[in-house]
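Here's the letter readout for the chains.
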Amino acid sequence: MEATPEEQPVSPQRLRLEVRGAVQGVGFRPFVFRLAGELALPGWVLNDARGVFIEVDGPRRTLERFHERIVSERPPHALVQSVEAAWLPPAGFTAFEIRHSSEAGVKTALVLPDLATCPDCLAEVLDPAERRHGYAFTNCTNCGPRFTILYELPYDRPNTTMRGFVLCVECRREYEDPRDRRFHAQPIGCPVCGPVIALWDASGAGLARGDAALAGAAQALSDGRILALKGLGGFHLMCDARDGAAVARLRERKLRLGKPLALMVRDLGQARELCEVSDLAAEHLASVEAPILLLPRRADAPVAAEVAPGNPYLGVMLPSTPLHHLLLNACGFPVVATSGNLSDEPICTNEYRALQRLGSIADVFLVHDRAIERHVDDSVAWIATGRMRLLRRARGFAPLPVTVKRELPVILAVGAHLKNTVALSVGRQVFLSQHIGDLETEEAMSAFERVIVDFQRLYDVQPVAIAHDLHPDYLSTRWALARAGGPRLIGVQHHHAHFVSCLAENGVEGRALGVTWDGTGYGTDGTVWGGEFLLGDATGFERVAHLRPFLLPGGDAAVREPRRAALGLLWEAQGEAALAGPGPGAAGLFADAELKVLGRMLNRGLNCPVTTSMGRLFDAVAAIVGLHPSVTFEGEAAMALEWLADPAERGAYPVDSLSGAAPAGARPPIVLDWEPLLEAVLEDVQRGVPRERISARFHNGLVRAAVAVAGAVGEERVALSGGCFQNRLLTERLAVALEQAGHIVLQHALVPPNDGGVSLGQIVVAAAQLGIEGGD
Ligand SMILES: [Zn+2]
Ligand SMILES: [Zn+2]
Ligand SMILES: [Zn+2]
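Note that residues are indexed from 1 along each chain, following the sequence as it is written. Just so you know, chain letters begin at A and ligand numbers begin at 1, following the order they were written in. Where local features are concerned, this predicted model is filtered to residues with pLDDT of at least 70; where side-chain atom pairs are given and counted, the filter is 80 or more; whole-chain, interface and lining totals use all residues. Side-chain measures were taken over the full set of non-hydrogen atoms in the model, leaving aside hydrogen atoms and water.

### Focus on helix 2 (residues 60–72)
The terminal C-alpha atoms of helix 2 lie 18 Å apart, and with 13 residues this matches the ideal 18 Å at 1.5 Å per residue to within 8%. Relative accessibility thresholds used throughout: buried, under 20% of the residue-type maximum; exposed, over 50%; partly exposed, between the two (1.4 Å probe, protein chains only). Numbering of helices and strands runs from the N terminus, with a helix taken as a DSSP run of H or I at least four residues long and a strand as a DSSP run of E at least two residues long. By the burial criterion, the buried members of helix 2 are L63, F66, R69 and I70. For helix 2, the angular spread of the buried residues around the axis is 125°, confining them to a single face. The span you would expect from a helix comes to 1.5 Å times its residue count less one. What the arc describes is the spread of directions from the helix axis to the C-beta atoms.

Here it is in C-alpha cells:
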C-alpha cells in the first residue's frame, strides 16, 4: 500500500546513481542538471570513463521521483544499459553543479557512434537569419560527430579533434548555459571559431574557402567532374549520378568495374523519385544512423545506368552532416557517393594522404581542418523479412557493442579475410569494430592493425586470448600466429564463428542448428567448406549436413570465374564426359584449349581443392544459364541469378539426401546431393525453359532441401548465417518455410551475415573454450 505523505520520512537523504551505457555526448549531464533544478535537489553530476555519476540530497519521495524520471525522460540518443542506485546519509549539498570529468576507473563507458544532423540544426543551417547559416560543422547534443573525433575516453572536448578550436564568446555562452541545446555539446563551433572548408585542385592548390568552396564543389559536380569530399569518417568520391560519362570515368579511375555505387540524395522526396520507399525504409533513411539502404529502384529513376548495372536495387542514403546537406542542396541532383579509396582499400581520412591516393581519381577536393581520428565508412543495410538488416556495419552503429549474457574474459578476435572487422570483449560487451575491408593490400593491413591498437587503447585493456580463423593464409590469421608466445591463441572454424555470431546477436546460448552458407571457409578437415549445417552452440558443433563435395579447378581462380565452378560440378557428376561437347555443359563455356588444360588439372587433382561451397554452387548454375562466365567481384554472378528469378514460379529442383561417412563414434552426416538438381538445370536449359524459371526453381530447391535437413535433425531453433544470406529471395523464402515447418528462425540484424560478422562469433567461441578449460 502507498504511504500517505504524512507517513513519509521527512529527514533528507542522499541518492547516488551510477548510469552505464552510451550516456556521454548526448546531453545527459545537462538533462540531469535541469531535472535537479526543477525538483530543487542540490548535488552534482559527473562523467568518468565508466559512465555518468549523480548524487543528490533531498526528501526520499522527491529522490524517488528523480530516479524514475532519470530513466523515463532520458535524452533521445542515450542508450542506458543500467542504473544502479544507493541510499546514503545526506551530504549537505547546497547547490547543483556539473563537476569536471574524472579520468579514474575502468573504461567501460560506451563510445557513441556519430549521429546524423538533427532537424533543429538543419533548420538553423538553412536559415539566413541564423549565425550558423551555411555552416558545415553545426551540431548539438542530439547530433554530430562522436566516434570519428574521439582520442580517448571520457568524451570531452579536450579528448577530441576539436580541442584545437577555442570557443568564441557566443559559442562558450551556449556551451555553459544549461537551458541551451548546446550545453556541454563537445564538438560545437561556428564560422568564427570552428573548422572551415576549402576547395583544392588535384595538386592541392587552394581554389576557394568557405561558401565559395562549397559553391565551387557544386559547380564541379554539375560540370561532370569528380569530387573527393572529406566527410565525417573519411572521404567520399562523388559525381553527378545522372551523368553516365562521369560515372563511367569514376568507375574506371577507381578500378571499381562491376560493383554498384551508392547514391546520396537531398531528402526523402528525392529518394522517392529514385526508389520505392516504404514507411519503414523512410524511417531508417532519416534516422540518426542514416545508413545506405538498398531499395527497389523505380523504372523511371533519373539515374545513369552505369550506377548499378542490371541491378533492380539502388543503394541510397540521406546526407548525414551539414556539409553533405549543404552540398546536396547546392547541386539539387542525386550524386554518386562512394568510399574514397582505390578498389577495396580502406577509406581515406586525411587530406594530404587523399591527394596522393585519390589524386588520380578526383578532379577537385573539398576538404576541412577538423581531423578525423578514425576511419568509418557508411553503413549498408537492406530491409528483409520485415526489418532493417545490416550488410556493412560502420557509421551510426560502430562501435556500439553486442551485449552477451555472461561476463567474458578480455579477448581480441581478428575476424576473417574479406569484409574484415575485429572485435574486443570487455565484461558483457563485445565491441565490434567498424568495417575495415578486404585484407589484400598494405593499406588494409595497416588499417587493421590501427583499429586493433585503437580498440585496446580506448577501453584500456590487454587481451588474455586472440581468436582467429583456421585458414592459414588469411592475413588476419597470420597476424595472430605471429603473436605466438603472447596472449593465448585460439583458432575458430569459420562457419562455427558465423553460426555463433548469429546466436550471440539473438541472445541465444543453447543448442541450435546453424545453416551457414557462404563462398569459402576453411574446414576442420582442410577442405573448403561453404554449404554447411552445424548443430551445436559456442562450445562446439557437429557437422550434421553439407553439400556433396566437388573439385574447384584453379582454386581461387574459380571465385573470379564462375564457369570453373560449373566445370567442377559437371566433372564430379559426369567425369570425362563433362569435357566433351556438345550440350549445355562445360563445352559451351570454354575454348577447346582451355578445356584441355582444365581437364588435365582435374584428372591429376592439380590445384583443384575439394569444396562444399554453396556460393560456388550458385556461381555454377549462373554460369550454366549463361550469366557471367567471369565476374569482377565475388557474388556478382549469384546476384544476377537471384535478380532473374520469377517470383511466381513455385517449382523446385530435386536435391537428394544421402548418408555420408561418419567420423569414428559420430552419426553420419547428411550429404546434400546436388546432382539431380544439376541434371534438371541442364535439361531445362536444353529445353529452352526461361532462365527466370530456372533460377526460381533452383532457389526453391535449396529452400526445400534445407527445410528437409532441419526436419531430419529435429532441432527447433535454426540460425541463418553466412554471405549467401545476403540473397533476399533465398533468405526470405527459407525463413518463411522454416517457420511454417515449426522452427524458430534466428537471423542477423545489427551484425552482418557475411564475413563482417565473423569476429563476434570468434569471441564467443573462444570465451567458451576458455570457460571449459577453466571448469566453468
Ligand atoms: Zn543538432
Ligand atoms: Zn563560435
Ligand atoms: Zn564466411
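### Describing the packing of aromatic side chains
Classification of ring pairs uses Phe, Tyr and Trp, with its six-membered ring standing for Trp, and accepts pairs whose centres are within 6.5 Å; under 30 degrees between planes counts as stacked, over 60 as edge-to-face, and the remaining range as tilted. All told, the structure shown has 13 aromatic pairs when counted by the stated rule. Taken together, a centroid distance of 5.5 Å and an interplanar angle of 45° make the contact between W200 and Y352 tilted. Remark: Y352 occurs in helix 10 (residues 351–358) and W200 occurs in strand 6 (residues 197–201); sequence separation between them is 152 residues. W200 gets classed as buried once you look at its relative accessible area, which sits at 12%. Taking relative accessible area as the criterion, Y352 reaches 53% and is therefore assigned exposed. Ring plane angle 80° and centroid distance 4.9 Å describe the contact between F618 and F698, whose orientation is recorded as edge-to-face. On the criterion of sequence distance, the pair formed by F618 in helix 17 (residues 614–624) and F698 in helix 20 (residues 691–713) is long-range, its members being 80 residues apart.

### Some thoughts on the nonpolar core
Grouping buried Ala, Val, Leu, Ile, Met, Phe, Trp, Tyr and Cys residues that are joined through side-chain atoms within 4.5 Å yields what is termed a nonpolar core. The biggest cluster of nonpolar side chains holds 73 residues, and the ones touching the most others in it are W517, F533, F698 and L702. Here this core gets ten residues from one element, more than from any other, and that element is helix 20. Look past the residues within four positions of F698 in its chain and what remains in contact with it is L617, F618, V621, L641, Y653 and L677. The contact definition used throughout considers only heavy atoms, calling two residues in contact when any of these lie within 4.5 Å.

### Some thoughts on empty space enclosed by the protein
Of the two site types, the cavity is a set of points on a 1 Å grid over the protein atoms alone where a 1.4 Å probe fits but cannot get out, and the pocket is an open set with protein on both sides within 12 Å along at least five of seven lines, each lined by residues with an atom within 4 Å of a point. Grid points are joined across faces, edges and corners, and a volume is the space filled by probe spheres set on the points. One pass over the structure, following the stated rule, counts five cavities of 30 Å³ or more. For the largest cavity, the calculated volume is near 110 Å³. For the largest cavity, the lining is made up of 17 residues, of which P145, L232, T321, P322 and R370 are closest to its centre. Polarity classes work like this: nonpolar for Ala, Val, Leu, Ile, Met, Phe, Trp, Tyr, Cys and Pro, charged for Asp, Glu, Lys and Arg, and polar for all others, with Gly in that last group. Each residue belonging to the lining of the largest cavity can be placed in one class, and the counts come to seven nonpolar, eight polar and two charged. Within this model, the second largest cavity holds a volume of roughly 90 Å³. The wall of the second largest cavity is formed by 14 residues, among which G233, G234, H236, V376 and D378 lie closest to the centre. A breakdown of the residues in the lining of the second largest cavity according to their chemical character gives four nonpolar, seven polar and three charged.

### Let's talk about the coordination of the zinc ion (ligand 3)
Looking at the zinc ion (ligand 3), one finds its protein donor set to be H494 (NE2), H498 (NE2), D518 (OD) and D755 (OD), positioned 2.1 to 2.2 Å from the metal centre. Each metal's donors comprise the N, O and S atoms found within 2.8 Å of it (within 3.2 Å for Na, K or Ca). Water is not part of the atom list, so some coordination spheres may appear incomplete. A four-donor site is classed as tetrahedral when every donor-metal-donor angle falls between 85 and 135 degrees; four donors are called square planar, and six octahedral, when trans pairs exceed 155 degrees and all remaining angles lie between 65 and 115, with any other arrangement labelled irregular. Around the zinc ion (ligand 3) sit four donor atoms, and with donor-metal-donor angles ranging over 87 to 167° the site reads as irregular. The sequence pattern describing where the donors of the zinc ion (ligand 3) fall on their chain is H-x3-H-x19-D-x236-D. Of this pair, H498 sits in helix 13 (residues 494–505) while D755 is found in the loop between strand 30 (744–746) and helix 22 (758–773), placing the two residues 257 residues apart along the sequence. With a relative accessible area of 1%, H498 lands in the buried category.

### Observations regarding the layout of surface pockets
Its volume calculated, the second largest pocket comes out at about 480 Å³. Taken together, 23 residues make up the lining of the second largest pocket; nearest its centre are R406, E509, A538, V764 and A768. Mapped by element, the contributors of at least two residues to the lining of the second largest pocket are strand 17 (401–408), helix 13 and helix 22. In terms of residue class, the lining of the second largest pocket is made up of 13 nonpolar, four polar and six charged.

### Focus on the side chain of T338
Secondary-structure assignment places T338 in strand 13 (residues 335–339). Note on T338: relative accessible area 5%, which makes it buried. What T338 contacts, discounting residues up to four positions off in sequence, is F235, H236, L237, L250, K254, R256 and L261.

### As for the environment of I70
For I70, the position within the fold is in helix 2. Residue classification places I70 among the buried positions, given a relative accessible area of 1%.

### Describing helix 4 (residues 169–176)
Turning to helix 4, its buried residues are C171, E174 and Y175. In a view along the axis of helix 4, the buried residues occupy a sector of 100°, so they form one face of it.

### Describing unusual backbone geometry
Residue L153 is joined to P154 through a cis peptide bond whose omega torsion reads -5°. As for its placement among the helices and strands, P154 is situated in the loop between helix 3 (119–126) and helix 4. A398 connects to P399 through a cis peptide bond whose omega is 5°. Relative to the elements of secondary structure, P399 occurs in the loop between strand 16 (387–392) and strand 17. One non-glycine residue with positive phi stands out, namely T385, at about 35°. By the element assignment, T385 lies in the loop between strand 15 (380–384) and strand 16. Relative accessible area serves as the criterion here: at 30%, T385 is assigned to the partly exposed category.

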